[in-house]
Structure formats: C-alpha cells, structure tokens
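Next come the chains, spelled out residue by residue.
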Amino acid sequence: MSYTIEKKFFNWVNPRSLVASKYIIAHEAGNPNNTGADSLDREISAMNNGRSVFVSHWVGGGGRIVQTAPVGKLQYGCGPNGNPYSYAQVEIARTNNKARFKQDYAAYIWLLRKLAHEAGVECKLDNGMNNGIKTHEWVTTHLRGTTHVDPYSYLASMGISRSQFAKDIANGLEEETPEKDWGEEGYYVKKHDMVEGCKSFGLYSDKDLKNKVATKDAHTILVVESLEKKSNGCPVFKVRYGAKFYYMTANKDYVLHREFEDLYFTSKKDKLVTLTSAGLYKDVDLKTKVDKIKKNTRFEILQLAHKANGCPVFKVKGGYITANRNNVKAYTDK
C-alpha cells in the first residue's frame, strides 16, 4: 500500500547542505508520558516549539506520516557526527495501543524504505559501516557524538525484535506488495525519444545506477534507446553517449523528455542548408564520416531516413547528414 505524506514544515528551519547522503536514521520519540491518540501531534508541536532539535518526518496517530523539514538537507536529530550525512531522519511517536502501533509500524517501515530508495542507499538496517538505514543506537555506537539508543527498546515493548525489524526493513511488509506507481513518485514510466538534463546528472554502466562513469551538465540532450528498470522496479533510461550505451535517472526532477520533432526535422523537405559545419557520413547511423561540410553548403534532400534508434537524418548526394535543427535548415521549394 501507499501513504499520504502530510506537509507541515517548521517555518524556522534554515535548510543547509549535507556533506553526503549516506544514511536514513530511524528514531522513536522516547516519551513514555505521551502515548495517547494525539501523541503524534503533541510530539510535533513540542519539537516545533523547541526550535532546536528537528527531523524530516514523524510517524504515528494510526499510520499518519508528517513531513516537518526538507529531505537531503541538514537536520538535527542524531548528533554532530551523523547529522551531516543523513538524507532523512524519521521519528515514530509512542502509543500504548497495539492496534494503533501496528498501523504506525507499517507506515514507519514503508517510509524508511521509501526514503532509502530516494537517497539511493541500501534497505539494510545497521549494516556495518555501509550506507543504509541506521538506528540512533548505531550512530551512538559507531559515529558517537550522541548517547541515544532508540528505537529498539520501544519496538521490543510492542513485540518487534531486532531481527524482525531488520527483516522488515530489508523486505518490506505484506501491505507493501502492490507495485509502486513510479509515475506518481515523479518518474517517467514510458520511453521518450530523447531526454534533456534540467540539472547535472550521472551516466552509469549499470541499471541500478551504482557505477558512475560520467557526469553531464544541465541541458545535455541524449537519445533514449529504451526504458529499463532497476532491481527495485524504479524506471531508468538507457541512452546512447558516443558509441556506447549507458543508464541514467528517469526522475523528472533531473531530466525533461524531448521528442525528435523538438530538435530534428521529422518530415522530408526538398533542400537543406547547413547552419554550422557538419559531417557527411557513409552510413545512416552517422558513424563513418566521409567529408566535412562547411557552413552555408546546400544540398538537395533525397530521402528522410532514420538511425537504428529512430533519430531522423537526411540522405543527400554522397551520403547522410544530420537533421538536427541546430545544424541544418530544411525547406521546400514553393
């Protein structure tokens, strides 16, 4: 299942950059005197009024999720050695009601896993020094700078052992089995002809986007070969760069889709004139250059052809030339 995340940002928080996004921190409120039906709202109110310690998310109240600060920015919840590396920090409010806890716990697991996927870290709990989901206890033990050991004791009091918590973090709960709607999560879910970076983005040799081989600047345009999926089902684009194929994010925050008609002539014209110097190629995929054409050179267009990836090119006397509107102007005689 999926959850609605309520947005109630603390207006006094001044977002500051992280050193790196390595961890998702699992907390619990630690207040045995606040376990009623309104414990979530009371905890959030107390944190807001305190104006010092804060986290990105709260869970409670029968499965509600409230976001109180931006993710990917500095939060003050797990000490000076953990805060700069924590993409998100999640508190679960206490309850003395087992049925309400079951709802809260399901939302807690869902949110921790969702944030881990967003941050690109493992859904593994307290897994050595690797990036992943960490408890406040792990921070105290391994990074120091804090003394808290939550959330294990509270979870244990409600019947959740350490091993069960780790298993649920790794695998999710039964309620999470329906396939995630990645379109609703902000990803492209169908193939487009091309993508353009709206900010810098990485090119990777693998579908899970772990092995980065290059970083491309904003406004770089690449031709899409196919829409693929990570091992967790998240969509990624397979793109051509040079003579090789790579993988990149399909997240709409990073890339905009473009179709061939946005940048290329997609119908046959009679003639063209080059707007820049351009290559003349022996093959339709524009790999074997046979000549360099100067700016303002005119050709009669013999045919509109297409590369193997569907990108339009013009066939002219002597070979093939790009149909990119930035390089050529195609027109029809009247």
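Everything below is about the structure shown above.
Below or above, wherever it landed, is the structure these notes cover. The residue numbering used here restarts from 1 in each chain and proceeds along that chain's sequence as written. Per-residue local features are limited, in this predicted model, to residues with pLDDT of at least 70; the limit for side-chain atom pairs, both in listing and counting, is 80 or more; totals at the level of whole chains, interfaces and linings are taken over all residues. Only hydrogens and water are removed before side-chain values are computed, so all heavy atoms of the structure are retained for them.

1. A closer look at the packing of helix 2 (residues 98–119) against helix 5 (residues 162–171)
- Interaxial angle, 0 to 180 degrees, is taken between N-to-C directions of lines fitted to C-alpha atoms, where a helix line uses only the stretch in contact. Helix and strand assignments come from DSSP, with helices taken as H or I runs of at least 4 residues and strands as E runs of at least 2, each series counted from the N terminus. In contact at an axis separation of 9 Å, helix 2 and helix 5 are set at 55° when each is read in the N-to-C sense. Accordingly, the angle class assigned to the pair helix 2 and helix 5 is oblique. In the crossing of helix 2 with helix 5, the sense of the turn from one axis to the other is right-handed. Residues Tyr 105, Tyr 108, Ile 109, Leu 112 and Arg 113 of helix 2 form the contact with helix 5, whose participating residues are Gln 164, Phe 165, Asp 168, Ile 169, Ala 170 and Asn 171. For classification purposes, an angle smaller than 35 degrees is called roughly parallel, one larger than 145 roughly antiparallel, one from 65 to 115 roughly perpendicular, and anything else oblique. When the near helix sits turned anticlockwise from the far one by under a right angle, the crossing is termed left-handed; a clockwise turn instead gives a right-handed crossing. Here, residues are in contact when the closest pair of their heavy atoms is within 4.5 Å.

2. Some remarks on the pattern of salt bridges
- Each reported salt bridge corresponds to a side-chain nitrogen of Lys or Arg within 4 Å of a carboxyl oxygen of Asp or Glu. A full pass over the atoms with the stated rule returns 10 salt bridges.
- Notably, a salt bridge pairs Lys 8 with Glu 6, separated by 3.8 Å at the nearest N-O pair.
- Given a relative accessible area of 41%, Lys 8 falls into the partly exposed group.
- Between Lys 207 and Glu 228 there is a salt bridge; the shortest N-O distance is 3.3 Å. One end of the pair, Lys 207, is in the loop between strand 9 (201–204) and strand 10 (212–216); the other, Glu 228, is in strand 11 (residues 221–229), with 21 residues separating them in the sequence. Partly exposed residues are those whose accessible area sits between 20% and 50% of the maximum for their type, while under 20% is buried and over 50% is exposed, using a 1.4 Å probe and protein chains only.

3. A short note on unusual backbone geometry
- Along the chain, Asp 150 connects to Pro 151 via a cis peptide bond; the corresponding omega equals 5°.
- Among the structural elements, Pro 151 can be located in the loop between helix 3 (136–143) and helix 4 (152–157).
- Residue Arg 51 is not a glycine yet carries a positive backbone phi of 50°.
- Residue placement: Arg 51 occurs in the loop between helix 1 (39–50) and strand 3 (57–60).
- Of the residues examined, Arg 51 reaches a relative accessible area of 52% and is grouped as exposed.
- At Asn 296, a residue that is not glycine, the phi angle is positive and equals roughly 70°.
- Secondary-structure assignment places Asn 296 in the loop between strand 17 (289–293) and strand 18 (298–306).

4. As for the pairing of strand 9
- On strand 9, burial covers both faces: Phe 201 and Leu 203 on one face and Gly 202 and Tyr 204 on the other are all buried.
- Whether two strands pair depends on DSSP finding at least two bridges between them. In this structure, strand 9 lies alongside strand 10, joined through four bridges in antiparallel fashion. Opposite Tyr 204, over in strand 10, you have Lys 212 as the bridge partner.

5. Description of the nonpolar core
- Here, the term nonpolar core denotes a set of buried Ala, Val, Leu, Ile, Met, Phe, Trp, Tyr and Cys residues that are joined through side-chain atoms within 4.5 Å. Core analysis: the biggest nonpolar cluster contains 34 residues, and Ile 24, Tyr 105, Tyr 108, Leu 112 and Phe 165 have the highest contact counts within it.
- Contributions of two or more residues to this core are made by strand 2 (23–26), strand 5 (86–92), helix 2, strand 6 (122–125), helix 4 and helix 5.
- At 12 residues, helix 2 tops the list of elements feeding residues into this core.
- Look past the residues within four positions of Phe 165 in its chain and what remains in contact with it is Ala 26, Tyr 105, Tyr 108, Ile 109, Leu 112, Leu 125, Thr 135, Pro 151, Tyr 152, Leu 155 and Ile 160.
- Judged by nonpolar contacts, the second largest core, of 20 residues, contains Phe 260, Leu 272, Ile 301 and Ile 321.

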